[in-house]
Amino acid sequence: MKNRLTVLAPLLLIPVLGLTACAGAGTPADAAATKTLTVYTSEPQAKIDQVVEAFEKANAGVEVKVFRAATGELKTRIATEKQAGKITADVILAADVPTFEGYAADGSLAKLDIENGADLDKKFVDAEGHWVGTRIIPTIIAYNTGALTEAPASWASLTEDTYKGKIAMPNPDVSGAAAFNTAVWLQEPALGKDWMEKLVANDPTVLESNGPVGQAVAEGSAEVGIVVDYVARELAAKGSPIAVGYPSDGVPYVSQPAGVFADSANQEVANDFVDFLISKEGQELAVSQSYLPVREDAGVPAGAPALSEINLLDPDQVKIASGQAAAVEFFNSLLK
């Protein structure tokens, strides 16, 4: 991480020692005020709290304030602030590439000034420099081990009568990952509209976000859950009867991008925060939080497969961005 900041303690906390007449009466001390950074994120509260603690420890004199909400709520808040004249946050850490591509296109994001992006696979770094992926979050099929002995093998299998009324999934109007997945599924030749129509006809329970889906599977109110993998792994680690299956017909994922708003008056500190997220230290923290990292030198969470073992889907992000709103609308129309 860049050592851009040289921040001293606030003036009132510095003992005034050894002042002499030659210093002159009323000479101010050379101290900088604490800098405040505001982050908008969809990260779970406990996880973002750990990130903030680690960043503040490495950057004395910086205070990070967080507004945490689901991606849909964040997007609404940002749109409202833009309409009012200015986005009040410095950093956004949330959602998916199409969301960030939209913000880059309308001028909401500044170009990043970071160093650690050079250590990442190019698919996790915006070629225009407006965002960078910070962790790999696959959506998988979780299952209750008291009800099933193994996960459904594929997305296609979820349309079978065996799973009718037994599936829980997150709401794409609320979850950024769910909205992204909806667009990916619709554009997969082997799935598409026919598969989605059959999936909804199988009467899934649509819950607000990934957390409630994981809980539903762990508690047994749903035998199967379409959910991000780390939620299921964390519940399993706590003793819940839930396990993870990676669908053979491809695993959609979001890379939880981070970017700096063009309206930010704290560009330097904001870039330091983004750089920290993708530093080795920041990525090792992500791994400890059950995330798959975007750096190869950070390891993987306990019980997680290597990325080479997962059939990750890498669709055309431009097509996903242009089709995501229509995909969510189509999914919602099937629920009526």
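A. Local environment of the overall build of the protein. Helix and strand counts for the protein come out as 10 helices and 11 strands. Relative to its length of 336 residues, the protein is compact, with a C-alpha radius of gyration of 22 Å against a globular reference of 20 Å. In terms of overall dimensions, the protein has C-alpha extents of about 90 × 45 × 35 Å along its principal axes. Counting over 336 residues, the protein shows a buried share of 50%. Partitioning the intrachain contacts of the protein with sequence separation of at least 6 by distance along the chain shows that 75% fall at a separation of at least 24. As presented, the protein carries roughly 15300 Å² of accessible surface, and 51% of it is formed by carbon and sulfur atoms. Considering the protein, the positive charge centre built from 25 side chains and the negative charge centre built from 44 side chains are found 2 Å apart.

B. Spatial organisation of the packing of helix α5 (residues 192-201) against helix α10 (residues 317-335). Two elements in contact, α5 and α10, have axes separated by 9 Å at closest approach and are oriented at 35°. Regarding α5 and α10, the two cross each other, and that crossing is right-handed. Between α5 and α10, the contacting residues are K193, M196, E197 and V200 on the first element and F330, F331, L334 and L335 on the second. Residue composition of the contact of α5 with α10, by class: 6 nonpolar, no polar and 2 charged.

C. Highlighting the packing of aromatic side chains. Counted according to the given criterion, the structure contains 7 aromatic pairs. With 5.6 Å between their ring centres and 65° between their planes, Y40 and F67 make a pair best called edge-to-face. Here the residue Y40 occupies a position in strand β1 (residues 35-41), and F67 occupies one in strand β2 (residues 62-68), the gap between them amounting to 27 residues. Aromatic side chains F55 and F273 sit 5.0 Å apart centroid to centroid with 75° between the ring planes, which places their arrangement in the edge-to-face category. With F55 in helix α1 (residues 45-58) and F273 in helix α8 (residues 267-277), this pair connects stretches of sequence that are 218 residues apart. The same class applies to F55 as to F273, namely buried. When the ring centre of Y291 is taken as reference, the NZ or CZ atom of K47 above it lies at 5.0 Å. Taking NZ or CZ as reference, R77 lies 3.8 Å from the ring centre of F67, over its face.

D. Representation of helix α3 (residues 97-105). The set of residues buried in α3 consists of V97, P98, T99, F100, Y103 and A104. Buried-residue contacts for α3 involve α2 (71-84), β3 (91-93), α4 (176-187), β11 (257-260) and α10. Regarding α3, its N-cap is D96, as a side-chain oxygen of that residue lies 2.9 Å from the backbone nitrogen of T99 further along. Phi for G107, located one or two positions after α3, is positive at around 85°.

E. Broad picture of the pairing of strand β8 (residues 224-228). Among the 5 residues in β8, 5 count as buried, and that is most of the element. Two elements, strand β5 (residues 137-144) and β8, share 5 bridges in a ladder whose sense is antiparallel. Within β8, the position partnered with T139 by the bridge is V228. Two elements, strand β6 (residues 167-170) and β8, share 2 bridges in a ladder whose sense is parallel. Paired with A168 across the two strands is G225, which belongs to β8.

F. The arrangement of the side chain of R233 in detail. With respect to the secondary-structure elements, R233 resides in helix α7 (residues 229-237). For R233, a relative accessible area of 11% translates into the label buried. Here Y246 takes part through its side chain, which lies 3.3 Å from a polar atom of the side chain of R233. The residues touching R233, leaving out its near neighbours within four places in the chain, are V244, Y246, S290, Y291, P301, A302, G303 and A304.

G. How the structure looks around the environment of Y143. Of note, Y143 is situated in strand β5. A relative accessible area of 10% places Y143 in the buried class. Between the alpha carbons of Y143 and R68 there is a distance of 28 Å; along the sequence they are 75 residues apart.

H. The nonpolar core, seen in detail. Counting 59 residues, the largest nonpolar core has L37, V51, F55, V64, V91, F273 and V274 as its most contacted members. Looking at which element gives the most residues to this core, the answer is α8, with 6 residues. Aside from chain neighbours lying at most four places away, what touches V51 is F273, F276, L277, L285 and Q289. Counting residues in hydrophobic clusters, the runner-up holds 20 residues, among them Y143, Y163, W195 and F330.

I. Structural detail: unusual backbone geometry. The backbone phi angle of A95 is positive, close to 60°, even though this residue is not glycine. Unlike most non-glycine residues, Q256 shows phi in positive territory, near 40°. Within the secondary structure, Q256 sits in the loop between β10 (253-254) and β11. Note on Q256: relative accessible area 5%, which makes it buried.

Calculation notes
- Residues numbered from 1 in each chain as written.
- Predicted model: local features only at pLDDT ≥ 70, side-chain atom pairs only at ≥ 80, totals over all residues.
- Heavy atoms only, no water.
- Helix = DSSP H or I, 4+ residues; strand = E, 2+ residues; numbered from the N terminus.
- Rg over C-alpha atoms; globule rule 2.2 N^0.38 Å.
- Buried < 20%, exposed > 50% of the residue type's maximum accessible area, 1.4 Å probe, protein only.
- Contact = heavy atoms within 4.5 Å.
- Areas by Shrake-Rupley, 256 points an atom, 1.4 Å probe, with all protein chains shown as cover.
- Lys, Arg positive; Asp, Glu negative; His and termini not counted.
- Charge placed at Lys NZ, Arg CZ, Asp CG, Glu CD.
- Axes fitted to C-alpha atoms, helices over the stretch in contact; angles between N-to-C directions.
- Left-handed = near helix turned anticlockwise from the far one by under 90°.
- Nonpolar A, V, L, I, M, F, W, Y, C, P; charged D, E, K, R; others polar.
- Phe/Tyr/Trp six-rings, centres within 6.5 Å; stacked < 30°, edge-to-face > 60°.
- Lys NZ or Arg CZ within 6 Å of the ring centre and 35° of its normal.
- Polar contact = N/O pair within 3.5 Å; in protein donor to acceptor, adjacent residues only side chain to side chain.
- Pairing = 2+ DSSP bridges.
- Core = buried A, V, L, I, M, F, W, Y, C linked by side-chain atoms within 4.5 Å.

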